[in-house]
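Each chain is listed here by its residues.
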Amino acid sequence: DVCSSDLTPQVESWILHATITQLVGLLLLDWLCADLPTRWPAIRGLWVGTTAASVVATVQGTIDLSFLSSEPWISLRRAPGTLLDANAYGALAAITAPMAFVSFGESASPVRRPAQIGILAINWAGAWMSGSRTALICGGVGTLWLVGSLVRESARTGRAGHRTSSLVAGAALVALALIVGATA
C-alpha cells in the first residue's frame, strides 16, 4: 500500500520535489505557448540556456561525470547538465530542442538550417546523456511535433524540396529511436 507509513519522510519529500518540478515545467510551457508572438524572447532565452546546459551535459557524459555534477547522478552515470537533476534537465532539453528549431522563424539566412540542426543535435545529445526516460518520451513527442511543423511549413510555402523531405525523414527516425529507446 503506497499510502501507508512505509515511506520515509525523505522519500516523500523527493517524490513531492520531482512532481512539483515536472508540473511547474508544464505550467511554464503552457504559459509560453499561450501567446507565442509576445513570448518568443522568453522561448529563445529558454532554449539558449538549455543548450548551454546540454553542452555541459555532453561534456559530463563523454568526458567527466564529476564536472559540475553531484551525487547521486555521478554514481548513476547520468548527466544532470547545470540543473543538478538529470530527470528535470533531460525533460527540459528534450522539449526545448524542437522549440528552438521552430523559434528561428522563416529567416532566409544561409546559416539558419545548420544552426537549427546543430542546436537540435546538442539538446538531443544532452537529453540522451541525462538517462531520463521522461526525456526520451518528451523527445519523441517533440520530434513528432517538429515533423508536423516542417510538413505544414513546406505545404504552406510550396517548397517541399529535397532538404525538407530529408530533414523530416531524419527527424522521424530520431523520434522513432527515442520512443523505442524509452520503451526498451
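In short, a report on the structure.

Scoring rules and cut-offs
Residues numbered from 1 in each chain as written. Predicted model: local features only at pLDDT ≥ 70, side-chain atom pairs only at ≥ 80, totals over all residues. Heavy atoms only, no water. Helix = DSSP H or I, 4+ residues; strand = E, 2+ residues; numbered from the N terminus. Buried < 20%, exposed > 50% of the residue type's maximum accessible area, 1.4 Å probe, protein only. Contact = heavy atoms within 4.5 Å. Areas by Shrake-Rupley, 256 points an atom, 1.4 Å probe, with all protein chains shown as cover. Expected span 1.5 Å × (residues − 1). Bend = angle between axes of the 7 residues up to and from the residue. Polar contact = N/O pair within 3.5 Å; in protein donor to acceptor, adjacent residues only side chain to side chain. Arc of directions from axis to C-beta. Core = buried A, V, L, I, M, F, W, Y, C linked by side-chain atoms within 4.5 Å.

1. A few points about the overall build of the protein
Move 1: If you tally the helices and strands in the protein, you get seven helices and zero strands.
Move 2: The order of α-helices and β-strands along the protein, N terminus first, is α-α-α-α-α-α-α.
Move 3: A total of 184 residues make up the protein; the buried ones form 34% of that total.
Move 4: Put simply, 64% of the contacts in the protein that link residues at least 6 apart link residues at least 24 apart.
Move 5: Total accessible area computed for the protein in this model is approximately 10500 Å², and 69% of it derives from carbon and sulfur atoms.

2. Let's talk about helix α4 (residues 86-103)
Move 1: Compared with an ideal rise of 1.5 Å per residue, which puts 18 residues at 26 Å, α4 spans 25 Å between its outermost C-alpha atoms and is within 8% of the ideal.
Move 2: The largest bend in α4 amounts to roughly 30° and is located at Thr96, with the proline Pro98 lying one to four residues further along.
Move 3: Counting buried positions along α4 gives 14 out of 18 residues, so the element sits mostly inside the fold.
Move 4: Between the side-chain oxygen of the N-cap and the backbone nitrogen of Asn87 there are 3.1 Å, and the N-cap of α4 in question is Asp85.

3. Describing helix α5 (residues 112-130)
Move 1: With 19 residues, α5 extends 27 Å from end C-alpha to end C-alpha; this agrees with the ideal 27 Å at 1.5 Å per step.
Move 2: Those residues of α5 lying buried are Arg112, Gln116, Ile119, Leu120, Asn123, Trp124, Gly126, Ala127 and Ser130. Looking straight down α5, one finds its buried side chains confined to an arc of 160°; they lie on one side. In this structure, α5 carries Pro114 and Trp128 as exposed residues pointing more than 90 degrees from its buried face.
Move 3: Looking one or two residues past α5, Gly131 carries a phi angle of roughly 70°, positive in sign.

4. Some points on the nonpolar core
Move 1: With nine residues, the main nonpolar core is built from Ala53, Ala57, Leu65, Ala79, Tyr89, Ala93, Ala94, Ala127 and Ala135.
Move 2: Mapped onto this core, the elements with two or more residues apiece are α2 (36-62) and α4.
Move 3: Among the elements that make up this core, the one with the highest residue count is α4 (three residues).
Move 4: The residues contacting Ala127, other than those within four sequence positions of it, are Tyr89, Gly90, Ala93, Ala94, Ser132 and Ala135.
Move 5: Membership of the second largest hydrophobic core comes to six residues, among which are Ala97, Phe101, Leu120 and Trp124.

Remember, this is a structural readout, not a statement about activity or role.
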